[in-house]
Amino acid sequence: MVDQIIAENLNTVRGQIAKASGGTDCHLVAVSKVQPIESVIAALDAGHRIFGENRVQEAETKWPDLKSRYPDIELHLIGSLQTNKVKLALALFDVIQSLDRPKLARAISRAIKAGGTGLVAPRLFIQVNTGEEPQKGGVPPGELPALITLCRDELGLKIEGLMCIPPTSEEPALHFALLAKLAGRHGCAGLSMGMSSDFELAAEMGASHVRVGTAIFGERQTAL
Ligand SMILES: *Cc1c(COP(=O)(O)O)cnc(C)c1O
C-alpha cells in the first residue's frame, strides 16, 4: 500500500520535473529525514537512488546498512554540519550541500587529506543564505566570493554548485534567480534549489538538483 503510493509519488514528481525543466538534467534528491525506514526502502525498491538527509547522526542510523544492500546509492547531506562530525559525514555522504563557512571548509579539507588515498572526496555545494536570515545556515551572499576563493585557491576544494533554502514568507523565484546569478558569476554548474512546494519552479529556473521530501513520502511525523 504505502509502497505503491511512494512509487506513484516518485513517478509523478519525476514527470513534473521533466516537464518543468524542459528536458535539461535535473536530479531528484528524495529527502528521507525522519521518514520510517519502510518508506525509504519503498523508494529504493521503486528504483530511486539519490537521497538527502539533514542530520549526520540520524543518517548514521540507517544508511550504512542500506548502502551495503543497495550499492549505487548517492547520499546528500542537506543540513548543517558541525566540524566535529566532518569525519563521520565524509564516510557516509557522497555530496555535502551545506558547506557554509571557512572553518568548515578547512575541516573538510583536513579530513580529506587525513583520509588518504582510500577516501573518495565528497562533491561539494556551498549553501548560500540568500534571505540573510539569522537563524538559517548558509554563507551570506556578500561573503560568498571569499569563501569560494578560500576553497578553490587555498584548500584545493572543487565547488560543484550552490544551494539555497528561501525564506518561507518570500517569493522563491527571487531567491532562485539570485542563486543562479551567483553560480554563473562563480562558474559553478550545480544549483540545488526547490522543495515540495516549489520544485517545479526551481526546475524551470535551471536547478540541477531539487530536494523533495513531503511530495514523495507524505507529511513527516516529527517536525524537523
Ligand atoms: C526537509 C528539507 C527539504 C524537503 O522539504 P519538503 O518540503 O518536505 O520537500 C529540502 N531541503 C532541505 C534543506 C530540507 O531540510
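Everything here concerns the structure above.
So, how was this worked out
Residues numbered from 1 in each chain as written. Predicted model: local features only at pLDDT ≥ 70, side-chain atom pairs only at ≥ 80, totals over all residues. Heavy atoms only, no water. Helix = DSSP H or I, 4+ residues; strand = E, 2+ residues; numbered from the N terminus. Rg over C-alpha atoms; globule rule 2.2 N^0.38 Å. Buried < 20%, exposed > 50% of the residue type's maximum accessible area, 1.4 Å probe, protein only. Contact = heavy atoms within 4.5 Å. Areas by Shrake-Rupley, 256 points an atom, 1.4 Å probe, with all protein chains shown as cover. Polar contact = N/O pair within 3.5 Å; in protein donor to acceptor, adjacent residues only side chain to side chain.

### Comments concerning the overall build of the chain
For the chain, the count of helices and strands is nine helices and eight strands. Computed over the C-alpha atoms, the radius of gyration of the chain is 17 Å, within 12% of the 17 Å expected from 2.2 N^0.38 for a compact globule of 224 residues. Its C-alpha atoms put the chain at 50 × 40 × 30 Å along the principal axes. Within the chain, the fraction of its 224 residues that count as buried is 50%. Considering only contacts in the chain between residues 6 or more positions apart, those separated by 24 or more positions represent 60%. Total accessible area on the chain is roughly 10,600 Å²; 53% of this is exposed by carbon and sulfur atoms.

### Overview of the side chain of Thr130
Within the secondary structure layout, Thr130 lies in the loop between strand E5 (123-127) and helix H6 (144-154). According to the relative accessible area criterion, Thr130 is buried, its value standing at 9%. In this structure the side chain of Thr130 is engaged in a polar contact, spanning 2.8 Å, whose partner is the side chain of His175. Residues in contact with Thr130, not counting those within four places in the same chain, are Pro141, Cys164, His175, Leu178 and Leu179.

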